[in-house]
Amino acid sequence: MNNNLLKNSQKSKKIIFHIIPNFIPGGAENQLKLLVEESLCYKHVIISIKDNANIFEESKLRNNINGRIKVICLKLKLNPFSLIYSVNILLKTFRKYKPSITQYWMYHSQFLSLIISLICKTKVIWCIRHGSFSRKTKYITKIISKINSIFSRIIPDLIIYNSKSGKQIHESNGYSNLKSKYILNGGSDLFKFSNSIRKEFRSELKLSENIFIVGSIARYSPQKSHDILLECFSYELKNKKNSKLLLCGRGIDKNNIELMDKLKKYDIENSTILCGYRNDVNKVLNGLDLYISTSSYGEGFPNIILEASYTGLKIIATDVGDTKTIISNKGVLFDIGDKESLKENLRQQYNLFLNKSEKNEKYFLERKNLSEFCRKKFTTQQMVQKYISEWDKLLCI
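Residues numbered from 1 in each chain as written. Predicted model: local features only at pLDDT ≥ 70, side-chain atom pairs only at ≥ 80, totals over all residues. Heavy atoms only, no water.

**Quick word on helix α5 (residues 139-151)**
Move 1: Spanning 13 residues, α5 covers 19 Å between terminal C-alpha atoms, matching the ideal 18 Å at 1.5 Å per step.
Move 2: Buried residues of α5: T141, I144, S145, N148 and S149, and no others. Viewed along the axis of α5, the buried residues span an arc of 140 degrees, placing them on a single side of the element. Turned more than 90 degrees from where α5 packs its buried face, Y139 and I150 sit exposed. (Helix = DSSP H or I, 4+ residues; strand = E, 2+ residues; numbered from the N terminus. Expected span 1.5 Å × (residues − 1). Buried < 20%, exposed > 50% of the residue type's maximum accessible area, 1.4 Å probe, protein only. Arc of directions from axis to C-beta.)

So, in structure tokens, the structure goes:
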């Protein structure tokens, strides 16, 4: 048996646990999904601490042959009985599968590792996806991160960051720099420019090619700073009948009273389309003409920026996390809170759009070419191979 066959045989018997607060569509969660689907040489058990109706279903995960990937939900709730039940299920799961590595995603899971690692002996990896904090960051999150930093020299065998900026920020805040790596996110091959998908989405909204659609996909949260986007769109485009603002994400719907009040405040109720949560993000991105991100803190490697670039979209984004690394010279960066810069760039992009006629195939060709260029950067294959390499090292394979 040659070395490669021997190594793959050894790996196929190894199980990796992934403990994450919620295994639902989202930045970190989508990366975990891609990782377990494409790392075919290992078996995986994903443990979702919380329960959610939108949790990824085990049966719908790609490459899940012979139960290679398991999804277990602890359904933890904030009461003592639920805590005892969930811990019992967790310990039983460890005893049943006997993982070689436990990978903890996000601060709260890593905090949990301070206890679990004393009971269940495995190699431990922390996956940190966060960037900077701000005064709007929850106090409990800051406390948990600080406690984790103290134990970062003791508990994890490896700390993996998804951004260079996140690695620098955390190490400057006390996290160990002796066992850390950064592995940038990988983009899904599902994201690419398609004129037919674009037409289908616009047809769904009953909008023609003559409408300039500015979009943003983000949950409703102070971190995403929707206020700035609403104000700047209102200032530049509210009186332009051929422009629309499209917002997607959890909490982005008419039931959000605070958001509806802001739309009234900026007089853009009739110019704004609220899509709420959608799982066809590629379709939405294809239908847009411009993507804007106004995140003000907390971003490490914003996956939605990468996905937007995969569809060849023009991007205007705040200079947070590794956004600059993603869009390089193909997009526009502006400083956090710099409304004048955003207004100016929004105006420029609108004027460029006016130069495009409905039959101008040059626009679609340029977008297709940009899509193909961006899809060669930060691929899933690169990301997966780097994780596999680190797992192999920890297990001496």
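There is more to say after this.
**Digging into a nonpolar patch on the surface**
Move 1: On the surface, I115, L118 and I119 cluster together into a nonpolar patch covering about 330 Å² of accessible area.
Move 2: Here L118 shows up in helix α4 (residues 107-119).
Move 3: Residue classification places L118 among the exposed positions, given a relative accessible area of 62%. (Patch = residues over 30% accessible without salt bridge, like charges linked within 9 Å, V, L, I, M, F, W, Y side chains within 5 Å. Areas by Shrake-Rupley, 256 points an atom, 1.4 Å probe, with all protein chains shown as cover. Salt bridge = Lys/Arg side-chain N within 4 Å of Asp/Glu carboxyl O.)

**Some points on the pattern of salt bridges**
Move 1: Within this structure, the stated rule accounts for 21 salt bridges.
Move 2: The salt bridge partner of K224 is E299, with a shortest N-O separation of 2.7 Å. Pair noted here: K224 is in the loop between β8 (212-217) and α8 (226-237) and E299 is in the loop between β11 (290-293) and α11 (303-310), with a separation of 75 residues, a long-range link.
Move 3: A relative accessible area of 11% places K224 in the buried class.
Move 4: On the basis of relative accessible area, E299 is assigned to the buried category, the value being 12%.
Move 5: The closest approach of N and O atoms between E372 and K368, which form a salt bridge, is 2.7 Å. Residue E372 and its partner K368 are located together in helix α14 (residues 361-374), separated by four residues, close to a single helical turn.
Move 6: Assessed through its relative accessible area of 38%, E372 is described here as partly exposed.
Move 7: Salt bridges here are not isolated pairs; linked through shared partners, they connect E200, E204, R278, D280 and K283.

**A closer look at the packing of aromatic side chains**
Move 1: Using the criterion set out here, one finds eleven aromatic pairs in the structure.
Move 2: Taking 4.8 Å as the distance between ring centres and 55 degrees as the angle between the ring planes, the aromatic pair formed by F17 and F94 counts as tilted. Within this pair, whereas F17 is found in strand β1 (residues 15-20), its partner F94 is found in helix α3 (residues 80-97), the two being separated by 77 residues in sequence. An identical accessibility class is assigned to F17 and F94; each is buried. (Phe/Tyr/Trp six-rings, centres within 6.5 Å; stacked < 30°, edge-to-face > 60°.)

**Some thoughts on the sheet that holds strand β12 (residues 314-318)**
Move 1: Strand order in the open sheet made by the six strands is β10-β9-β8-β11-β12-β13, with parallel pairing throughout. Looking along the sheet, the strands with just one partner apiece sit at the ends: β10 (272-276) and β13 (332-334). In this sheet, adjacent strand axes meet at a mean angle of 20 degrees when their direction is disregarded.
Move 2: Alignment of β12 against β13, held across three bridges, turns out to be parallel. Its bridge partner being in β13, A317 is matched across the sheet by L333.
Move 3: Along the sheet face, helix α13 (residues 339-354) touches β8, β11, β12 and β13 and points at about 175 degrees away from the line of β12. (Pairing = 2+ DSSP bridges. Axes fitted to C-alpha atoms, helices over the stretch in contact; angles between N-to-C directions. Contact = heavy atoms within 4.5 Å.)

Geometric values such as these leave the question of function open.
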